[in-house]
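Read off the chains here:
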Amino acid sequence: MLERFKISNLLEKGGRLIRKPSFLVGMGVLFILLFSAAGYGVWTTQQPPPQPIQFNHSIHVELGAQCLYCHPGAWRQASAGLPTTAKCWGCHQQMPNTKPEQQKLVVFVERGDPIPWAPVFIQPDFVYFNHRPHIAGEVNCETCHGEISRMTVAQPNPRQNMGWCLECHRATAGDDPDKLARLTDCVTCHR
Ligand code: HEC
Ligand code: HEC
Ligand code: HEC
Ligand code: HEC
Ligand code: HEC
C-alpha cells in the first residue's frame, strides 16, 4: 500500500498526472501533513512539559491506585481522560496536605478550578487513535507509554510514530490477511 505513495513512483507517472488539479490538491494535502508531522516530531522529542502540579505517578501507583481508576476512558472510548479535582480530593481531603505540591491541589479545590494539565502524549489531528480496541486487545498501557508507574512525572515516548503503529499492527494481524488489510489500511488511522 505504502509503495504507491513513494515520490519516485509518482514521478514515474509523469507530467500528465502532475497537470491534473486533483493531483495538485493531493500533493498540497501531503505537504501540509508532512510539515505538521515534522513540527510534531520536534515537539515530542522535547522534555516533559511543565505541569501545574508535579503529579508523581510512582507514589500513587505504589499505593495501589489502578491506571483505570484515574484514566477510566481507556477501556470505553477513544480518549483515556484525566482525573478531575474531585477524584484527587476524594483521597486528599483525608490527609494534612502539608507538602508544597499538595498545597497547590488545595488551592485548585478551594477555587473550584480544574487543573490545567499539559498534554504529554498527543498525536497530530490527522491521526485517529482510539484506546478502546487496544485495551480490548489486551495491549498494556506500558507497552505504549513506558514505565509510567515508575515515573515521578509522565515522560513522553518519542517512538509513537507511524512506523511504530504499523509494526505492531502487522504483528497483531499475523497471517490473517483480512485483519492485516484492516489494520494497515490508511483510513483506519487517517479519517
Ligand atoms: C491517582 C491518579 C492516577 C493514577 C492511579 C494514574 N494516573 Fe496517569 N495521570 C494522572 C494525572 C493527574 C496525569 C496528568 C499529569 C501528568 O501528565 O503528569 C496523568 C497523566 C498520564 C499520562 C500522560 C497523559 C497525557 O497528557 O498525555 C499517561 C500516559 C498516564 N497518566 C498513564 C498512566 C498509567 C499507565 C497508569 C498506571 C500505571 C496511571 N497513569 C495511573 C493521574 C493518575
Ligand atoms: C487513591 C487515593 C489518592 C488519589 C485518588 C490521589 N492521591 Fe495524591 N496521594 C495519596 C497519598 C496516600 C499520598 C501520600 C501522602 C503523603 O505522603 O503525604 C499522595 C501524595 C500526593 C502528593 C505528594 C507527592 C510527593 O511528592 O510526596 C501530591 C502532590 C498528590 N498526591 C497530588 C494528587 C493529585 C493532583 C491527585 C489527582 C490527580 C491525587 N493526588 C490523587 C492518595 C491519593
Ligand atoms: C496501543 C498504544 C496505547 C496503549 C495500549 C495505551 N495508550 Fe494511552 N495513548 C496512546 C496514544 C497514541 C495517545 C495519544 C492519543 C492522541 O493524541 O490522540 C495516548 C494518550 C493517552 C493519554 C492522554 C490523552 C487521553 O487519551 O486522555 C492518557 C491519559 C493515556 N493515554 C493513558 C493510558 C492508559 C491508562 C492506558 C492503559 C489502560 C493506555 N493509555 C494505553 C497510546 C496507547
Ligand atoms: C503494541 C501494539 C499496538 C500499537 C503500538 C498500536 N496498535 Fe492499534 N491496535 C492494536 C490491536 C491489538 C488492535 C485490535 C485489533 C483487532 O481489532 O483485533 C488495534 C486496533 C487499532 C484500531 C482499530 C482498528 C479497527 O478495526 O477499526 C485503530 C484505529 C488503531 N489500532 C490505531 C493505532 C494507531 C494510530 C497507533 C499508533 C499511534 C496504534 N494503533 C498503535 C495494537 C497496536
Ligand atoms: C496504524 C496506524 C496508521 C496507518 C494504518 C497509517 N498511518 Fe499514516 N500516520 C500514522 C501516525 C501515528 C502518524 C503521525 C506520526 C508520524 O508522523 O509518524 C502518521 C503520519 C502520516 C503522514 C505524515 C508524514 C509522515 O510520514 O510523518 C502521512 C503522509 C501518512 N501518515 C500517510 C499514510 C498513508 C498513505 C497510509 C496508508 C498507506 C497510512 N498513513 C497508514 C498512523 C498510521
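Our structure is the block above this text.
Residues numbered from 1 in each chain as written. Chains lettered and ligands numbered in written order. Predicted model: local features only at pLDDT ≥ 70, side-chain atom pairs only at ≥ 80, totals over all residues. Heavy atoms only, no water.

*Asks:* Give a detailed account of the overall build of the protein chain, specifying residues and quantitative values.
*Replies:* Check the secondary structure of the protein chain and you find twelve helices and zero strands. The order of α-helices and β-strands along the protein chain, N terminus first, is α-α-α-α-α-α-α-α-α-α-α-α. Counting only residues that meet the buried cut, the protein chain has 21% of its 191 residues in that class. Within the structure as shown, the protein chain displays about 13,600 Å² of accessible surface, and the carbon and sulfur contribution to it stands at 62%. (Helix = DSSP H or I, 4+ residues; strand = E, 2+ residues; numbered from the N terminus. Buried < 20%, exposed > 50% of the residue type's maximum accessible area, 1.4 Å probe, protein only. Areas by Shrake-Rupley, 256 points an atom, 1.4 Å probe, with all protein chains shown as cover.)

*Asks:* Quick rundown of the site of ligand 1? Include the residues and the values.
*Replies:* Neighbouring ligand 1 are 23 residues, the closest being H57, C67, C70, H71 and F121. Within the contact set of ligand 1, a nitrogen atom lies 2.9 Å away from a side-chain nitrogen or oxygen of H57. Between ligand 1 and the protein, one listed contact pairs a nitrogen atom with a side-chain N or O atom of H71 at 2.8 Å. Here the shell around ligand 1 is composed, by residue class, of 15 nonpolar, seven polar and one charged. (Near = heavy atom within 4 Å. Polar contact = N/O pair within 3.5 Å; in protein donor to acceptor, adjacent residues only side chain to side chain. Nonpolar A, V, L, I, M, F, W, Y, C, P; charged D, E, K, R; others polar.)

*Asks:* Could you give me a rundown of the site of ligand 3, with the residues and numbers involved?
*Replies:* Taken together, 21 residues lie near ligand 3, and Q123, H131, C141, C144 and H145 sit nearest. A distance of 2.8 Å is found between a nitrogen atom of ligand 3 and a side-chain nitrogen or oxygen belonging to H145. Elements represented by at least two residues in the shell around ligand 3 include exactly helix 5 (67-70), helix 8 (131-136) and helix 9 (141-145). Considered class by class, the residues forming the shell around ligand 3 number twelve nonpolar, nine polar and no charged.

*Asks:* Now, about the environment of D185: what can you tell me, with residues and values included?
*Replies:* Summarising the element assignment, D185 is placed in the loop between helix 11 (177-184) and helix 12 (186-189). Given a relative accessible area of 32%, D185 falls into the partly exposed group. Between the C-alpha atom of D185 and that of L166, which follows or precedes it by 19 residues, the distance is 9.8 Å.

*Asks:* A description of the layout of surface pockets should follow, citing residues and the corresponding values.
*Replies:* If a probe the size of a water molecule is rolled over the atoms, the empty space left behind becomes visible. Approximately 620 Å³ is the volume attributed to the second largest pocket. Taken together, 21 residues make up the lining of the second largest pocket; nearest its centre are F55, I59, H60, H92 and Q102. If you list the elements that add at least two residues to the lining of the second largest pocket, you get helix 4 (57-62), helix 5, helix 6 (85-92) and helix 7 (100-111). The element that contributes the greatest number of residues to the lining of the second largest pocket is helix 6, accounting for four residues. Residues that form the lining of the second largest pocket fall into these classes: 13 nonpolar, five polar and three charged. (1 Å grid on protein atoms, 1.4 Å probe; cavity = no way out; pocket = protein on both sides within 12 Å on 5 of 7 lines; lining within 4 Å. Points joined across faces, edges and corners; volume = space filled by probe spheres on them.)

*Asks:* Describe the coordination of the iron atom of ligand 5, with residues and values.
*Replies:* Of the protein atoms, only M162 (SD) and H190 (NE2) coordinate the iron atom of ligand 5, at distances of 2.0 to 2.1 Å. Each of the six donor atoms bound to the iron atom of ligand 5 contributes to angles spanning 83 to 179°, and the resulting shape is octahedral. Of this pair, M162 sits in helix 10 (residues 162-173) while H190 sits in the segment after helix 12; the two residues are 28 residues apart in sequence, bridging distant segments of the chain. Given the relative accessible area of 44%, M162 is considered partly exposed. (Donors = N, O, S within 2.8 Å, 3.2 Å for Na, K, Ca; no water. Tetrahedral: all angles 85-135°; square planar, octahedral: opposite > 155°, others 65-115°.)

*Asks:* Outline the side chain of Q51, supporting the account with residue identities and numerical values.
*Replies:* Mapped onto the elements, Q51 comes out in the loop between helix 3 (21-44) and helix 4. For Q51, the side chain forms a polar contact with the main-chain nitrogen of A118, separated by 2.8 Å. Discounting chain neighbours no more than four positions away, the residues touching Q51 are W117, A118 and V120. (Contact = heavy atoms within 4.5 Å.)

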